[in-house]
Structures are given as structure tokens and as C-alpha cells.
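One letter stands for each residue in the lines below.
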Amino acid sequence: MRTVRIGQLAALAFMALATGPSPAQNQPPENIEIGLSTDRVAITSDFTGADLTIFGALDNADPLLLRQGRYDVVVVLEGPARPVVVRKKTRVLGMWINTESETFVNVPVSYSVATTRQPQDITDTESYRQLSLGADYIYLQPLDRAGNPKTIAEFTEALRLTKKLTGLYAERVGGVRFLSQSLFRATVLLPPNVPVGTHRARAFLFRSGVFVKETAAPLVILKSGFEQSIYRFAHQDSMLYGIFAVILAVVTGWLGRIVFKRD
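Please read all numbers here as calculations on a predicted model, not as lab measurements.

When helices and strands are counted, the protein shows 8 helices and 13 strands. A total of 263 residues make up the protein; the buried ones form 31% of that total. A sequence separation of at least 24 residues applies to 72% of the contacts in the protein between residues at least 6 apart. When the accessible surface of the protein is split by element, carbon and sulfur atoms take 58% of a total near 16800 Å².

Right, let's talk about the side chain of Thr123 for a bit. Residue placement: Thr123 occurs in the loop between α4 (119-122) and α5 (125-131). At 2.8 Å, the side chain of Thr123 forms a polar contact with the backbone oxygen of Gly209. Sequence-distant contacts of Thr123, defined by excluding residues within four places in its chain, comprise Tyr128, Phe206 and Gly209.

A word on the confidence of the model for the protein. On average, the protein scores 84 in pLDDT, and the residues at 70 or more come to 85%. For residues 1-24, every residue scores under 50 in pLDDT, and the model assigns this stretch 1 contact once sequence neighbours within four places are set aside.

Here we take up the sheet that holds strand β12 (residues 197-207). A sheet is described by the order of its strands in space; here 6 strands give the open sequence β2-β13-β12-β4-β7-β9, paired in mixed fashion. This sheet does not close on itself; its edge strands, each paired only once, are β2 (40-43) and β9 (169-173). Across the sheet, the mean angle separating the axes of adjacent strands is 20° when strand polarity is ignored. The pairing of strand β4 (residues 71-78) with strand β7 (residues 111-115) spans 5 bridges and is classified as antiparallel. Bridge assignment links Leu77 to a residue of β7, and that residue is Ser112.

Next up on the list: a nonpolar patch on the surface. A cluster of nonpolar side chains, Met239, Leu240, Ile243, Ile247, Val251, Trp254, Leu255 and Ile258, forms an exposed patch at the surface whose accessible area comes to about 830 Å². Relative to the assigned elements, Val251 resides in helix α8 (residues 238-259).

Take the packing of aromatic side chains next. Enumeration over the complete set of coordinates arrives at 5 aromatic pairs. Grouped by ring-pair contacts, the aromatic residues Phe204, Phe206 and Phe211 constitute a single cluster.

Examined against the element boundaries, Thr115 turns out to sit in strand β7. Thr115 sits in the buried class, given a relative accessible area of 3%. A polar side-chain atom of Thr115 sits 2.7 Å from the main-chain carbonyl oxygen of Arg117.

Unusually for a residue other than glycine, Ser132 sits at a positive phi of about 55°. Within the fold, Ser132 resides in the loop between α5 and β8 (141-142). Here the phi dihedral of Ser208 falls at roughly 55°; this positive angle occurs in a residue that is not glycine.

The subject of this paragraph is helix α6 (residues 149-165). Taking 1.5 Å as the rise per residue, α6 with 17 residues should run 24 Å; its terminal C-alpha atoms sit 24 Å apart, in good agreement. Residues Ile152, Phe155, Thr156, Leu159, Arg160 and Lys163 constitute the buried set of α6. Along α6, the residues classed as buried sweep out an arc of 145° about the axis, all on the same side. Residues of α6 that are exposed and point more than 90 degrees away from the buried face comprise Lys150 and Leu165. Contacts made by the buried residues of α6 are with β5 (81-92), β6 (95-108), β8 and β9. A distance of 2.9 Å separates the backbone nitrogen of Lys150 from a side-chain oxygen at the start of α6, and that oxygen is part of Asn148. At the C-terminal side of α6, Gly167 shows a positive phi close to 80°.

Cut-off values and rules
Residues numbered from 1 in each chain as written. Predicted model: local features only at pLDDT ≥ 70, side-chain atom pairs only at ≥ 80, totals over all residues. Heavy atoms only, no water. Helix = DSSP H or I, 4+ residues; strand = E, 2+ residues; numbered from the N terminus. Buried < 20%, exposed > 50% of the residue type's maximum accessible area, 1.4 Å probe, protein only. Contact = heavy atoms within 4.5 Å. Areas by Shrake-Rupley, 256 points an atom, 1.4 Å probe, with all protein chains shown as cover. Polar contact = N/O pair within 3.5 Å; in protein donor to acceptor, adjacent residues only side chain to side chain. pLDDT = per-residue confidence, 0-100. Pairing = 2+ DSSP bridges. Axes fitted to C-alpha atoms, helices over the stretch in contact; angles between N-to-C directions. Patch = residues over 30% accessible without salt bridge, like charges linked within 9 Å, V, L, I, M, F, W, Y side chains within 5 Å. Salt bridge = Lys/Arg side-chain N within 4 Å of Asp/Glu carboxyl O. Phe/Tyr/Trp six-rings, centres within 6.5 Å; stacked < 30°, edge-to-face > 60°. Expected span 1.5 Å × (residues − 1). Arc of directions from axis to C-beta.

As C-alpha cells, this is what we get:
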């Protein structure tokens, strides 16, 4: 009996050595990369919006799954994070006044999304929530987490709606297109009121509905020309800027009085 067992184990070991590891074990995991033609975008005061093109590529992707179209890509251009106060107006004695408010922290000022197809065809809602991906699923953190959950949910939805109505949160289905089996191009919207600051271009790779990999690249949006000089002066020398603004207001008022003075 002992001899038979040893022989069986030896035979199995020989078969394992002969066959070797499967191709799936040898294949490295999929990866995704994106590239920007520039890391800075300058806008002027008459900026009316534009499309930003982002190119990317898949590495180590399964050729069969590529041919079957089982890979999906979601690209996001996420603006700088800032605190936001949402206020609720109520009609009191014929007047609309602020009666309630909720403060949110680290809220992206802008959020533009491009996808290969309809979001519900890429993955499920739970995955979007876990990844905080998409205008409908991005996590908006309230300052007071111990507050009334119903009130927080109401103000959260109001904030999402306001961002969408102002064009700061946008979604473009089909905005990501594959140029070849592994190369893709994404087009995301820069709204007219896009904020200046450091934005993040993020790309998410999905395989058959399962999240695989994320990558990101920074993008700085700044004002150009005279507007940029004023913006830089106001932020770098705020005290001098304030003094200059007060002097300018006083001089303007004095000149207006001289010009429109009646005899």
C-alpha cells in the first residue's frame, strides 16, 4: 500500500511539472494608464466651456475579453474640494428666509464623467457607492455626521441637484471610445464656470462588471492674462489687495461726485 501511494504521488508530481502553471497564472494583472497633452489649462474671463480630451491605454488585457467588449472604462475630471453650505428657504409671513442649513466638507466643486456605455450596464450601484464614483454616488460628507439622517439625505440630494443644474456635475454616456483593442479616448466637459485650481483626471477600469484598477493624473486650471494677475495678487497679497480695493472705491466715488455734481 505504501509503495502504491508513493507511486501515485510521484505520478501526480510529474504531471504537474509537465503541464506547468496555467496561462492565467502567468498573465500579469490588467492595468490602465492615462495621459494628458498638458498639465495646465489657461482660461480667460470670456471662457464659454470646452471639451477636454484624455487618452489612455489598457495593459495586459485579455485579448478574448477585449474582442468580446467585456472591458469598460469610466473617466472622471474631479475639481478641487471645498466646503459647501446648503441652505433651505421657508416662506414665513410672506417672506422667504433661511431656516435650516447643512455644511458639507471636501465637496468637489466640479465633477465631469465620461463612460463607455450606460452606467447601469458597466457595474451595479453598490460598486459605484463603494468607489464613490459618479455624480449620483459620490460621497458628500456632512460636517455633522451625528445629525438627523433624513435631514442629511435631503440636503445631500439638494446639493447634487444644484450642482447638476449649474452644469458643474455632468455625465457624458459614450464619452469614452476605444480607438483600438487597448487604446481609448475620453472626452469630458469643462463647463463655463469651471473653478480654477488643481483638478484630478481619474480613470476606472472594469472587467465584466468587476472593478479592476484606477489611475489618476493632475490637471491645473488657471486664469490667464489680466484676470490671472488680479487673482494671484488677491491670493498672495490679500492685505494689500484689500487696501487697494478700498482706496479704489473711495477714489471712484469721489470722481463720480465731481463728474455728476450739480451746480
